[in-house]
Structure formats: C-alpha cells, structure tokens
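Per-entry structural report
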Amino acid sequence: MKTIAVLGSTGSIGTQTLDVVDKEGDVRVHSLSAHSNIGLLEEQIRKYKPAIAAVTDEKKAAELKIAVADTNTRVLSGVEGAEECASAKEVNMAVTAIVGIAGLRPTIAAIKAGKDIALANKETLVTAGEIVMPLALEHGVNIVPVDSEHSAIFQSIADQGKFLRRILITASGGPFFGMSRDELSRKTRFDALKHPNWSMGAKITIDSATLVNKGLEIIEAQHLFGLGVDRIIPVVHRESIIHSMVEFCDGSVIGQMGVPDMRLPIAYALTYPGRRVPVSEPLDLVKIGKLTFFDIDNETFPAVNMAKKAAKIGGTMPAVLNGANEEAVAAFLNDGCGFLEIAELIAAAMEKHKAKQNPTIEDIAQADIEARQIVKERLEMRS
Ligand code: NAD
Ligand code: MG
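Quantities reported herein were computed from a predicted structural model and do not represent experimental measurements.

1. Comments concerning the environment of G173
Position of G173 relative to the elements: it lies in the loop between β8 (164–171) and α8 (181–184). For G173, a relative accessible area of 5% corresponds to the buried category. For the pair G173 and V304, spaced 131 residues apart in sequence, the C-alpha to C-alpha distance is 12 Å. Excluding residues that lie within four positions of it along the chain, G173 makes contacts with L211, V236 and R238.

Pasting the structure below:
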C-alpha cells in the first residue's frame, strides 16, 4: 500500500492522479494541497478523507476550514502547509503537481523528509536541478518522472543507463506547428489554448505553443538523466504516440508508446517499479495509420535554443528563463502581451542577468524575482 501526498490536487495532473488512485485501488491519499480552488478541494476532501489539506491562499484556507469543520481533515495554509502535506510521517510518495516555481519548496521538503517523488512539476528541476538531484541522492529518494517524455525516457533506459548515447525527446509541435512568425504575431490566448493532443493546465498549454515547454523539458532531462543538452535531441512527432526515445551506444533506439493520456505516466510513477491495472484506452496503431517526424523550426520558435543556452550557462540562468517565462505567460493569458513577445521577454531577462554559479535556493528565488521584475518593467515601459 502506497500512501501519497498530492500537491496541486485541483489541477490537470492532480485530478488525473486522483482518477488513477480510483483505478489502482491500493493507493491511500494522506494529504492534498491546492492554491485557491476550495470548492473542488472540499469535494476531494469528502471523497478521499485525507488527514491534512493545505491551501496556499490564507483567506481561502480560512474559508475551507469552516466548510470542512464536520470532517476529520486538518486544514493548513501557506507554503508551509504544502510543505507539511509533502513531508508528513505517513506519506511515502509526494506527487508534485503544483505549477511553476511554487512547487520547488514543497518538493524540497518532501525530499528532505525522505519521500519518493512522482515529479510532474518540471520547474523544480529547471530552476534548481543542480541542488535537487544531489539532495535526492543524499536522502535515498527516487524521483520518478510524470512528464510523459521523461517517463518514456526513464522506461526506455531501464537498467541500461551506462550505454546511453542520446535522448530523442518528442514534441507535438503544438497548435502553431508549421506557421510563420507573421501568422504567430496575430495569435491570441484563445488560439494558443487549443492544444491538438493534450488537455492540460493553461500555463503548460501556452508553453507547448511557444515550445518553451520543450526547452524546459530538455533541462529537466539533463538533470534527470545526466546528459548534456546537446545530446538531448528534440523531434517533432505530431501524433504524440511515441512519448520519447533513447539511443544506445550500439545505435539501437528504444522508445515508449501509448495513447496521449497523462494517466499512463502518472500510474507508472505510482506503481513503480511494478505495473498494475489498465488506466487508459488501448493503443490502436492501425487506426492511427502513420507516425510522422519533423525537425524543430528554431527560427520561428527560438525557445528551445534559449533553454539550451540557459542550461549551458547554468547556475541561476535557468531560473531566470523560467521566471521570465512564468511572468510573460501570465501577461499573455491576461492580454498583457503578444504571443511572440513571450520569447522576447525571456531573452531580455536572460540578457540582463549575470548568472551566479553554484547557487543556493535563496539565490534561485532571488533570480526568479529579478527575472519577473525585468519582464514587468518592460511591459510597463511599453504601455
Ligand atoms: P494546473 O494549472 O492545471 O494545476 C496547478 C495546480 O497547482 C493546482 O492544483 C493549483 O491549485 C496549484 N497551484 C497553482 N499555483 C500555486 C501556488 N502558487 N502555490 C501552490 N499551489 C499552486 O497545472 P497542470 O497542468 O496540472 O501542471 C502541473 C505541473 O505538471 C506543471 O509543472 C506542468 O508543467 C506539469 N505537467 C503537466 C502536464 C499536463 O498534462 N497537465 C503534463 C506534463 C507536466
Ligand atoms: Mg511533457
């Protein structure tokens, strides 16, 4: 019996994790955390009866406390509340499904408490992989990726890591695949929120349209699998059936396939190293007919190269890429900037930042704040 904490339980990954829990049967939910959606969190509390629930927003936490006063669930608040959810004695795995750098502190708390991590929150490794990976090693913690590409890479490597030559990380190409910069300049958030293959939270959906998501995932893979970013090759694969591949030193390529359904990598992480019940529709390759592959158009979508550059500089630079992106995406979702401006704002923040090597968590938090400030200033200057 696995006992889990679901951090970010009201989001896309969080709700799908609870769906997998329903199917698996012998996973117990000890704690849930959310930012502000207390209506859904209350429903989850009544169904899963967790010992603790945390709401980051203090006012909403106070409201939830009153709403669930008739249950045995203890309601906590703030980042500390999420940290307590992650590190509670009874928990043996934390599912990190918070979006953005907000997931970093609770993930670190879970690792320090020796909990295995089902990692959806890629921003944790993007911003602080240099700290988080050694910390996991020190505490004997398994980090099992939930991101579909990384789950595929993890499964494909199996116990053959020492033979690994390259990673071929697949990308759907997003809703704007094949378009020109002129076309992109007219795209609104409504266009960008229509992903062809996956239904996800708003931030990652925009990241998929800009290809920032693939950039973040290359940095995530660098930390998870210990390969330099030049050996992690993005390949556009429109059908999202092969979730990624690895190439071994003899030239053999192994990949993992499945329907595009996040419940598959979530279930894999929850049942690792075993596998149990079916959690998605079976894959029907005849119905799909063909699988296609293309190069990334780096001229139109500069984000992958920007991420590789940030990874090579290292230190606090990936946190600046991430922080500037989070701020720019928030602005784009509020009609505060254009689609192409997202990458320009990231580039501007990276340009201004002098990276600090071997950073502490405080240095990373500071770099994140600085990056957001630069984006805000540029947006204000312009309006
Ligand atoms: P989402 O926006 O649907 O949900 C985010 C969750 O985080 C919510 O429960 C919300 O309450 C919580 N949250 C938001 N801001 C918070 C804050 N400041 N403090 C604490 N909690 C906060 O996001 P999502 O699409 O589920 O993505 C979650 C993470 O998983 C992201 O890092 C994303 O990159 C990664 N991921 C998602 C998918 C997907 O299919 N959705 C696939 C791969 C990776
Ligand atoms: Mg992914």
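2. A short note on the coordination of the magnesium ion (ligand 2)
Where a metal carries four tetrahedral donors, each ideal angle is 109.5 degrees; where it carries six octahedral donors, the ideal angles are 90 or 180 degrees. Of the protein atoms, only D147 (OD), E149 (OE) and E217 (OE) coordinate the magnesium ion (ligand 2), at distances of 2.1 to 2.2 Å. The sequence pattern formed by the donor residues of the magnesium ion (ligand 2) is D-x1-E-x67-E. Here E217 lies in helix α11 (residues 212–225) and D147 lies in the loop between β7 (143–145) and α7 (148–157), a separation of 70 residues in the sequence. Owing to a relative accessible area of 1%, E217 belongs among the buried residues under this scheme.

3. Some remarks on the environment of V212
By the element assignment, V212 lies in helix α11. Placed 113 residues apart in sequence, V212 and N325 show a C-alpha to C-alpha distance of 8.0 Å. Aside from chain neighbours lying at most four places away, what touches V212 is D207, A303, N325 and I346.

4. Overview of the site of ligand 1
Taken together, 22 residues are adjacent to ligand 1, and T10, S12, H35, E123 and G201 come closest. A distance of 2.9 Å separates an oxygen atom of ligand 1 from a polar atom in the backbone of I13. Surface burial for ligand 1 is 86%, taken as the share of its 830 Å² of free accessible area covered by protein chains. By residue class, the composition of the shell around ligand 1 is 10 nonpolar, nine polar and three charged.

Calculation notes
Residues numbered from 1 in each chain as written. Chains lettered and ligands numbered in written order. Predicted model: local features only at pLDDT ≥ 70, side-chain atom pairs only at ≥ 80, totals over all residues. Heavy atoms only, no water. Helix = DSSP H or I, 4+ residues; strand = E, 2+ residues; numbered from the N terminus. Buried < 20%, exposed > 50% of the residue type's maximum accessible area, 1.4 Å probe, protein only. Contact = heavy atoms within 4.5 Å. Donors = N, O, S within 2.8 Å, 3.2 Å for Na, K, Ca; no water. Near = heavy atom within 4 Å. Polar contact = N/O pair within 3.5 Å; in protein donor to acceptor, adjacent residues only side chain to side chain. Areas by Shrake-Rupley, 256 points an atom, 1.4 Å probe, with all protein chains shown as cover. Nonpolar A, V, L, I, M, F, W, Y, C, P; charged D, E, K, R; others polar.

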